[in-house]
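Each chain, written out:
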Amino acid sequence: MELKLKRPLVFFDLETTGVNVASDRIVEVSFLKVMPSGEETVYTKKINPEIPIPAESSFFHGIYDEDVKHAPNFKAIAVELASFIADGDLAGYNSNKFDVPMLMEEFLRAGVDFSLEGRAFVDVQNIFHQMEQRTLKAAYKFYCDENLENAHTAEADVRATYEVLKAQLTKYEGVPFEDKHGVVSHPVVNDVEALHAFTNLSKPVDFAGRLVYNADGLETINFGKHKGKPIVEVFEQEPSYYAWMQNGDFPLYTKKVLENIWKRYKKEKNEQKTKVAVAHSAEDKKLAKKEFNKQNEEAPQRISLDMLKGLQDKFKK
């Protein structure tokens, strides 16, 4: 089944030095851009992470320090990569939890303003795990009935992810899904917006999962002592918490999102103070005018020059 797209859908996979979004780096990127017309374009590059690649990571994806020592760093290709993605929606395998936040971290380090606003995010793993619950290699065998060759190389994985999604759309067309609340729907449909909704059930604010939306759509803390509390409520109770997170070992994108929430919170607080001050000023003016009128009514009538002349004429001898 071919995808029905309103705009480009960009499948991508990253190979990295490790799984810590805040401290690890990308060593290879592969992006498969699928146009609404069905045209496909691939962008694959090895990246010099500028830090040593741990042996266990190299063993996993097969990329060693020697393989990337002459490769460009991420900053050198960041603008080109952002241009390749352009306004496309993003899709991947476990991309919402790892690849998207890792990609944003590298863009921020490179000083490239790549925005996630207005994009749809399709995490093929989430469809798989919710409908079948297995791995990319197993998913490829299960849905495509083929063995995945060269697993854990970026281009092979991203191509497999694309093929798995198309097979999922065919397999689950019209298949009901019952969520944990007992609500039955048919979520796996050939529509990126619907797949975005189905594969983003945790509703992350920052994609790293430190900040999430609650059932009421409020941005909340998702870890530590304030877990489950609206972020604005935490700002009210403990303003220093914002500074603690900004200085802590959190992903740059998490900090950027938190900064935007903080600025919005401070702006709303200032606007509220201004409204209160204006209201008080208006009330003060009203009370002052009332008091002035009262004093004028109670004050004895002042003697004018005409009155004084009249009195002089009346009593002059």
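Everything in this summary refers to the structure shown in the same document. (Residues numbered from 1 in each chain as written. Predicted model: local features only at pLDDT ≥ 70, side-chain atom pairs only at ≥ 80, totals over all residues. Heavy atoms only, no water.)

**Section: the overall build of the protein chain**
At step 1: Along the backbone of the protein chain there are 12 helices and 9 strands.
At step 2: For the protein chain, the residues scored as buried account for 42% of the 317 residues in total.
At step 3: Considering only residue pairs separated by 6 or more positions, the protein chain has 60% of its internal contacts joining residues 24 or more positions apart.
At step 4: With an accessible surface of roughly 18400 Å², the protein chain has 52% of that area assigned to carbon and sulfur atoms. (Helix = DSSP H or I, 4+ residues; strand = E, 2+ residues; numbered from the N terminus. Buried < 20%, exposed > 50% of the residue type's maximum accessible area, 1.4 Å probe, protein only. Contact = heavy atoms within 4.5 Å. Areas by Shrake-Rupley, 256 points an atom, 1.4 Å probe, with all protein chains shown as cover.)

**Here we look at helix α10 (residues 240-247)**
At step 1: Among all positions in α10, only Tyr241, Tyr242 and Met245 are buried. Along α10, the residues classed as buried sweep out an arc of 105 degrees about the axis, all on the same side. (Arc of directions from axis to C-beta.)

**Considering the packing of aromatic side chains**
At step 1: Within the structure shown, the criterion is met by 18 aromatic pairs.
At step 2: Measuring from centroid to centroid gives 5.5 Å for phenylalanine 128 and tyrosine 143, while their planes differ by 70 degrees, and the two rings are edge-to-face. Placement of phenylalanine 128 in helix α5 (residues 124-131) and of tyrosine 143 in helix α6 (residues 136-144) is noted, with a sequence separation of 15 residues between them.
At step 3: Here phenylalanine 128 falls in the buried class, since its relative accessible area comes to 0%. (Phe/Tyr/Trp six-rings, centres within 6.5 Å; stacked < 30°, edge-to-face > 60°.)

**Focus: the nonpolar core**
At step 1: Counting 46 residues, the largest nonpolar core has Phe31, Phe74, Leu81, Leu103, Phe107 and Leu116 as its most contacted members.
At step 2: Elements that contribute at least two residues to this core include exactly β1 (9-16), β2 (26-34), α3 (74-85), α4 (95-110), α9 (231-237), α10 and α11 (252-298).
At step 3: Judged by nonpolar contacts, the second largest core, of 33 residues, contains Phe11, Val122, Ile127 and Phe128. (Core = buried A, V, L, I, M, F, W, Y, C linked by side-chain atoms within 4.5 Å.)

**Some words on the pattern of salt bridges**
At step 1: Evaluation of the coordinates by the stated rule reveals 13 salt bridges.
At step 2: When the shortest N-O distance is used, the salt bridge between lysine 166 and glutamate 163 registers 3.7 Å. Taken together, the residues lysine 166 and glutamate 163, both in helix α7 (residues 154-171) and 3 residues apart, mark about one turn of the helix.
At step 3: Several salt bridges share partner residues, and in doing so they unite Glu2, Glu163 and Lys166 into one network. (Salt bridge = Lys/Arg side-chain N within 4 Å of Asp/Glu carboxyl O.)

**Focus on the sheet that holds β2**
At step 1: Taken in spatial order, the 5 strands of this open sheet run β3-β2-β1-β4-β5, and their pairing is mixed. A single partner strand is all that each edge strand has here, and the edge strands are β3 (40-46) and β5 (121-123). Ignoring strand direction, the axes of neighbouring strands in this sheet form an average angle of 20 degrees.
At step 2: In this structure, β1 lies alongside β2, joined through 8 bridges in antiparallel fashion. Residue pairing in the sheet places aspartate 13 in a bridge with serine 30 of β2.
At step 3: Seen against the sheet, α4 touches β1, β2, β4 (89-92) and β5 and runs at an angle of roughly 80 degrees to β1.
At step 4: Where α7 meets the sheet, it contacts β1, β2, β3, β4 and β5, and its direction lies at approximately 145 degrees from that of β1. (Pairing = 2+ DSSP bridges. Axes fitted to C-alpha atoms, helices over the stretch in contact; angles between N-to-C directions.)

**Focus: the environment of alanine 138**
At step 1: Relative to the assigned elements, alanine 138 resides in helix α6.
At step 2: A relative accessible area of 28% places alanine 138 in the partly exposed class.
At step 3: For alanine 138 and leucine 148, which are 10 residues apart along the polypeptide, the C-alpha to C-alpha distance reads 8.5 Å.

**Considering the pairing of β4**
At step 1: Burial of the side chains of β4 extends over both faces: Asp89 and Ala91 are buried on one face and Leu90 and Gly92 on the other.
At step 2: Alignment of β1 against β4, held across 3 bridges, turns out to be parallel. Bridged to valine 10 within β4 is leucine 90.
At step 3: Where β4 lies against β5, 3 bridges are found, and the strand directions are parallel. Across the sheet, alanine 91 pairs through a bridge with valine 122, a residue of β5.
At step 4: In this fold, β4 hands off to α4, which returns the chain to β5; that crossover is right-handed. (Right-handed = clockwise from strand over helix to strand, strands pointing away.)

**Observations regarding the packing of α3 against α4**
At step 1: Look at α3 against α4: their axes get within 9 Å of each other, and the N-to-C directions meet at 120 degrees. Judged by the inter-axis angle, α3 sits oblique to α4. The handedness of the crossing between α3 and α4 comes out as left-handed. Two secondary-structure elements touch here, α3 through Phe74, Lys75, Ala78, Leu81, Ala82 and Ile85 and α4 through Leu103, Glu106, Phe107 and Ala110.
At step 2: For the contact of α3 with α4, the per-class residue count stands at 8 nonpolar, no polar and 2 charged. (Parallel < 35°, antiparallel > 145°, perpendicular 65-115°, else oblique. Left-handed = near helix turned anticlockwise from the far one by under 90°. Nonpolar A, V, L, I, M, F, W, Y, C, P; charged D, E, K, R; others polar.)

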